[in-house]
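These are the residues of each chain, in order.
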Amino acid sequence: MKYEEHFKISCEKRDEYWNKIGEPFTDVIGNMINPSFMGGPRWPSLRQAHIGIKIDNGTIISTDGLSDPYDDYDNNADNQNYNGIGIEIYSISENKFKSIQEIIESWEFKIIKQVSNLVASNPNISNTLNEYKFISTTINGAGLPQKFINDDGGTGILLGIENNIVQKKLQLSIENISLVNVTLLMKNELDYILENGADARNEIANKMKDKGYYKLQKERKSVI
């Protein structure tokens, strides 16, 4: 198959999956000017999109394009085994948004937008997640719930907590990609991870999963 067919099938398979999970908004969050043209990270097919999916108890906000096949697929054999970066990231919000515009204006979307740029800048992140299971880092905390903002204005995030709403893997046209959940870390949880490393990150992640803290929540207790 050529690039265009792989692209079409991959989009259809993602859409088919999200339609099984809930009700996707018909509008897609895009950009009038592609950020990669202004020095931003380049997505595999240049297309940088985010989507919202209505579910019974909230809304899923997800990237849509990090797992597109690379647009040089037909001419670059090195990229012919991959659905782009091999990942789409998402968060589950307890808010029941009524429109895409509400999502765009939300603090939850601020998180996904920043993390999607981090992921696009690190094309090996799927391999890193496969090796370590969880990844923690920080993003700009501007506009995020005050409870999660550190003294330096940043907010800790954790990638990789599984849940019973979204499956971990999804077969697309070329490969089996990862669907990766993004959650917030409280200041003391991030400090604990920074002080104690990978074992501490796994401990925090597993405790959050056990307590059901896999959603973006304004209010929750620390797990340590």
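Computed from a prediction, not measured in an experiment: that's the story for all the values here.

## Structural notes on the pattern of salt bridges
Item 1. Counting across every chain of the model gives 13 salt bridges.
Item 2. For E88, the salt bridge goes to R14, with nearest N and O atoms at 3.7 Å. You can see E88 sitting in strand β4 (residues 87-93) and its partner R14 sitting in helix α1 (residues 3-21), a full 74 residues away along the chain. Across this residue pair, the class does not change: E88 and R14 are buried.
Item 3. Close ionic contact of E189 with R220 constitutes a salt bridge, the shortest N to O distance being 2.6 Å. Taken together, the positions of E189 in helix α5 (residues 187-196) and R220 in the segment after α6 (198-210) put the pair 31 residues apart, joining distant regions of the chain.

## Looking at the environment of I29
Item 1. Here I29 is to be found in the loop between β1 (23-24) and β2 (50-55).
Item 2. Relative accessible area serves as the criterion here: at 6%, I29 is assigned to the buried category.
Item 3. Through-space distance from the C-alpha of I29 to that of I100 is 7.2 Å; in sequence the pair is 71 residues apart.
Item 4. The residues contacting I29, other than those within four sequence positions of it, are Q48, A49, H50, I100, I103, I104 and F109.

## Some remarks on α1
Item 1. End to end, α1 covers 27 Å across 19 residues, agreeing with the expected 27 Å (1.5 Å per residue, within 8%).
Item 2. Turning to α1, its buried residues number three or more, namely Y3, H6, F7, S10, C11, R14, Y17 and W18. Looking down the long axis of α1, one finds its buried residues gathered within 130° of arc, a one-sided arrangement. Exposed and facing more than 90 degrees away from the buried side of α1 are E4 and K20.
Item 3. On its buried face, α1 sits against β1, β2, β3 (58-63), β4, β7 (169-171) and β8 (176-185).

## Some remarks on the nonpolar core
Item 1. In this structure, I111, V115 and L159 are the most contacted members of the largest nonpolar core, which totals 32 residues.
Item 2. When contributions to this core are tallied by element, the ones reaching two or more residues are β4, α2 (100-104), α3 (107-120), α4 (125-132), β5 (135-140), β6 (154-159) and β8.
Item 3. The biggest single contributor to this core is α3, with seven residues.

## With respect to the environment of I125
Item 1. Assignment of secondary structure puts I125 in helix α4.
Item 2. Taking the relative accessible area as the measure of exposure, I125 reaches 11% and is therefore buried.
Item 3. Linking I125 and E12, residues 113 residues apart in sequence, is a C-alpha distance of 24 Å.

## Section: the packing of α5 against α6
Item 1. Relative orientation of the contacting elements α5 and α6 amounts to 150°, with a least axis distance of 6 Å. As the angle between them shows, α5 and α6 are arranged roughly antiparallel. Along the contact surface, α5 presents E189, Y192, I193 and N196, while α6 presents A198, D199, A200, R201, E203, I204 and M208.
Item 2. Grouping the constituent residues of the contact of α5 with α6 by class yields six nonpolar, one polar and four charged.

## Re the side chain of Q217
Item 1. As for its placement among the helices and strands, Q217 is situated in the segment after α6.
Item 2. Residue Q217 is classed as buried on the basis of its relative accessible area of 13%.
Item 3. At a separation of 3.4 Å, a polar atom in the side chain of Q217 contacts the side chain of E94.
Item 4. For Q217, the contacting residues outside a window of four places in its chain are E94, W107, F148 and G212.

## Here's the deal with the environment of I177
Item 1. Here I177 shows up in strand β8.
Item 2. A relative accessible area of 0% means that I177 is categorised as buried.
Item 3. In sequence terms I177 and Y82 are 95 residues apart; their C-alpha atoms lie 9.0 Å from each other.
Item 4. Apart from the residues within four sequence positions on either side, I177 is in contact with S67, N83, G86, I87, E88, K168, K169, L170 and L172.

## Some remarks on α5
Item 1. Of all the positions in α5, only E189, L190 and I193 are classed as buried. For α5, the angular spread of buried residues about the axis comes to 100°, placing them on one side. When the buried face of α5 is taken as reference, the exposed residues oriented beyond 90 degrees from it are L194 and E195.
Item 2. Looking at the packing, one finds that the buried side of α5 touches β5, β6, β8 and α6.
Item 3. Among the residues trailing α5, G197 stands out with phi positive, at a value near 80°.

Here is what the cut-offs are and how they apply
- Residues numbered from 1 in each chain as written.
- Predicted model: local features only at pLDDT ≥ 70, side-chain atom pairs only at ≥ 80, totals over all residues.
- Heavy atoms only, no water.
- Salt bridge = Lys/Arg side-chain N within 4 Å of Asp/Glu carboxyl O.
- Helix = DSSP H or I, 4+ residues; strand = E, 2+ residues; numbered from the N terminus.
- Buried < 20%, exposed > 50% of the residue type's maximum accessible area, 1.4 Å probe, protein only.
- Contact = heavy atoms within 4.5 Å.
- Expected span 1.5 Å × (residues − 1).
- Arc of directions from axis to C-beta.
- Core = buried A, V, L, I, M, F, W, Y, C linked by side-chain atoms within 4.5 Å.
- Axes fitted to C-alpha atoms, helices over the stretch in contact; angles between N-to-C directions.
- Parallel < 35°, antiparallel > 145°, perpendicular 65-115°, else oblique.
- Nonpolar A, V, L, I, M, F, W, Y, C, P; charged D, E, K, R; others polar.
- Polar contact = N/O pair within 3.5 Å; in protein donor to acceptor, adjacent residues only side chain to side chain.

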